[in-house]
Amino acid sequence: MATLNEPAVNQNFTLQQADGAEILSLVDNSVDFLSYVDKPQVKPFRQWTKAKYGPQWAETHASLPFGEHGFAMLIRVFSRHRTSCILFDTGVSADGVVENARRMGVNLNEVECIVLSHGHYDHFGGLPAAVQAIGKAELPIIVHEDMFTVRGAASADGVVRKYPTFPAAAQLQQARLIYTKQPFLTAEGVVCVTGEIPRNTSFEKGYAQHRVFADGVWKPDPWIMDERAVVINIKEKGLVVLSGCAHAGIINTVAYARQLTGVKHVYAVMGGFHLAGKDFEGRIQPTIEALKQIRPELIVPSHCTGWKAMCAIAEALPEAFVWNSVGNLYRLGAL
């Protein structure tokens, strides 16, 4: 497995506009194949598969995709008569992302690179299987050096629960790891991986119980600095910001996306917002107030956002809110 340390990208770089994007939920905590979604940008699993593959496919492929505590999105970006395909995170189980892709009729061979949001097991668990399914030599995997550290979470009595560790190099075959802490452009300049996100808001203060094992002891690591997001600038629409867990804070993440790109209008905010649990619920209302000021047309919180935050966001921003389900397809821009 090759590795590559990329030079820093100047923060004055230009993110090229995309004509449109399709974002498919491959892995998430929630499945809902019955509810109606009243938004033209959102196609539930049964709706888009029937339109794409025909009624007979739906009848003969009866296995529905499943949910798990993890996250993965398949991103297709359309620009200048070219389609680029990126896998953003790979779920928690060893084969969940590959199996869900199969159940959706998706061929992972089209993936050109993998972006990992951060080094937690519910985002890299399916990485070896995904690399094998994609089957490309020198497949780029965009990572941060902290993703390889041993991590865990401390309970109230101080006992640390160790997290599963990053896959060994041998499991990733001939993939090419690209290490970067800086903003990184891929897909011929139409997709930005933010790199480390500044922590500036007054209420997004990290994960106090998070620990890293270093020098033979568990040490506090509340900031989880390897957390990055994916940003796309859709022509005539604005920014699409995709977060894995938003350990940096979803508002910090959106603010940094605006800063990097120079684009102020935010079209969609999607992914994990990490507002679940008693230590994070105090951030729900300030997050909602900030989202009201940002005014995205589409808000799709998922994974680690938590039901209390989901319901609060839905109530506060009903015109923008979508409850994500595994299998949802989001068609953004001119397609």
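Cut-offs and rules
- Residues numbered from 1 in each chain as written.
- Predicted model: local features only at pLDDT ≥ 70, side-chain atom pairs only at ≥ 80, totals over all residues.
- Heavy atoms only, no water.
- Helix = DSSP H or I, 4+ residues; strand = E, 2+ residues; numbered from the N terminus.
- Rg over C-alpha atoms; globule rule 2.2 N^0.38 Å.
- Buried < 20%, exposed > 50% of the residue type's maximum accessible area, 1.4 Å probe, protein only.
- Lys, Arg positive; Asp, Glu negative; His and termini not counted.
- Charge placed at Lys NZ, Arg CZ, Asp CG, Glu CD.
- Arc of directions from axis to C-beta.
- Contact = heavy atoms within 4.5 Å.
- Axes fitted to C-alpha atoms, helices over the stretch in contact; angles between N-to-C directions.
- Parallel < 35°, antiparallel > 145°, perpendicular 65-115°, else oblique.
- Nonpolar A, V, L, I, M, F, W, Y, C, P; charged D, E, K, R; others polar.
- Phe/Tyr/Trp six-rings, centres within 6.5 Å; stacked < 30°, edge-to-face > 60°.
- Pairing = 2+ DSSP bridges.
- Right-handed = clockwise from strand over helix to strand, strands pointing away.
- Core = buried A, V, L, I, M, F, W, Y, C linked by side-chain atoms within 4.5 Å.
- Polar contact = N/O pair within 3.5 Å; in protein donor to acceptor, adjacent residues only side chain to side chain.
- Salt bridge = Lys/Arg side-chain N within 4 Å of Asp/Glu carboxyl O.

Looking only at helices and strands, one finds eight helices and 20 strands in the protein chain. Relative to its length of 335 residues, the protein chain is compact, with a C-alpha radius of gyration of 19 Å against a globular reference of 20 Å. Put simply, the protein chain has 335 residues, and 55% of those count as buried. Within the protein chain, one finds 31 positive and 32 negative side-chain charges whose respective centroids are separated by 2 Å.

Our focus in this paragraph is helix α3 (residues 96-103). Every buried residue belonging to α3 is among Gly96, Val97, Asn100 and Ala101, and all of these are buried. Seen along its axis, α3 keeps its buried residues to an arc of 130°; they face one direction. The inward-facing, buried residues of α3 abut β3 (20-27), β5 (72-79), β6 (82-88) and α5 (127-134).

Another point: the packing of helix α6 (residues 250-261) against helix α7 (residues 284-294). As a packed pair, α6 and α7 sit with axes 10 Å apart at the nearest point and diverge in direction by 25°. The pairing of α6 with α7 is recorded here as roughly parallel in orientation. Within the contact between the two elements, α6 uses Ile250, Ile251, Val254 and Arg258 and α7 uses Thr287, Ala290, Leu291 and Ile294. Its residues assigned to classes, the contact of α6 with α7 comprises six nonpolar, one polar and one charged.

Our focus in this paragraph is the packing of aromatic side chains. Overall, the coordinates contain twelve aromatic pairs when judged by the stated rule. Here Phe33 and Phe45 contribute two aromatic rings whose centre-to-centre distance is 5.8 Å and whose plane-to-plane angle is 55°, an arrangement assigned as tilted. One end of the pair, Phe33, is in the loop between β3 and β4 (42-43); the other, Phe45, is in helix α1 (residues 45-53), with twelve residues separating them in the sequence. One aromatic cluster in this structure is built from Phe33, Phe45, Trp48, Tyr53 and Trp57.

Burial of strand β17 (residues 238-243) is extensive: six of the six residues sit out of reach of the surface. Note that strand β16 (residues 229-234) and β17 share six bridges and pair antiparallel. Within β17, the residue paired with Val230 across the bridge is Leu242. In textbook terms, the turn of a hairpin is the stretch between consecutive antiparallel strands, and for β16 and β17 this stretch comprises three residues, one of which, Glu236, has a positive phi near 65°. The sheet contact formed by β17 and strand β18 (residues 266-272) spans five bridges and is parallel. Each bridged residue has a counterpart across the sheet, and for Val240 the counterpart in β18 is Ala268. You can see the chain leave β17, run along α6 and come back into β18, and the turn it takes is right-handed.

Moving on to the pairing of strand β15 (residues 217-220). Pairing geometry for strand β14 (residues 210-214) and β15, over four bridges, is antiparallel. Within β15, the position partnered with Ala214 by the bridge is Val217. Count of turn residues in the β14/β15 antiparallel hairpin: two residues, of which Asp215 carries a positive phi of about 55°.

Attention now goes to the nonpolar core. In this structure, Leu26, Leu74, Ile114, Leu116 and Ile141 are the most contacted members of the largest nonpolar core, which totals 38 residues. Residue assignment for this core shows that the elements contributing at least two residues are β3, α1, β5, β6, α3, α4 (121-124), α5 and β8 (140-143). A total of four residues in this core trace back to one element, the largest contributor, which is α5. In this view, Leu26 contacts Ala72, Met73, Leu74, Leu87, Val97, Asn100, Ala101, Met104 and Val326; residues no more than four positions away in its chain are not counted. Core analysis: the next-biggest nonpolar cluster, separate from the first, contains 33 residues, Cys192, Leu260, Val263 and Ile284 among them.

Here Ser30 is to be found in the loop between β3 and β4. Looking at Ser30, the relative accessible area reads 18%, which means it is buried. A polar atom in the side chain of Ser30 sits 3.0 Å from the side chain of Trp323.

Let us look at the pattern of salt bridges. In the structure shown here, the tally under the stated rule is 16 salt bridges. The partner of Glu281 in a salt bridge is Lys308, with the nearest N and O atoms 3.5 Å apart. In this pair, Glu281 is assigned in the loop between β18 and α7 and Lys308 in helix α8 (residues 307-316), connecting sequence segments 27 residues apart. What makes Lys308 partly exposed here is its relative accessible area of 40%. A single salt-bridge network, built from bridges that share partners, covers Glu22, Arg76, Glu110 and Arg331.

On to α1, then. For α1, every residue scored as buried is listed here: Phe45, Trp48 and Thr49. For α1, the angular spread of buried residues about the axis comes to 100°, placing them on one side. If you follow the buried residues of α1, they end up packed against β3, β4, α2 (55-60), α3 and β20 (329-333). Positive backbone phi, at 95°, marks Gly54, one or two positions downstream of α1.

This part covers the environment of Val241. Along the chain, the position of Val241 falls in strand β17. Sequence-distant contacts of Val241, defined by excluding residues within four places in its chain, comprise Val230, Thr253, Val254, Ala257, Ala268, Val269 and Met270.

These figures capture arrangement, not role.
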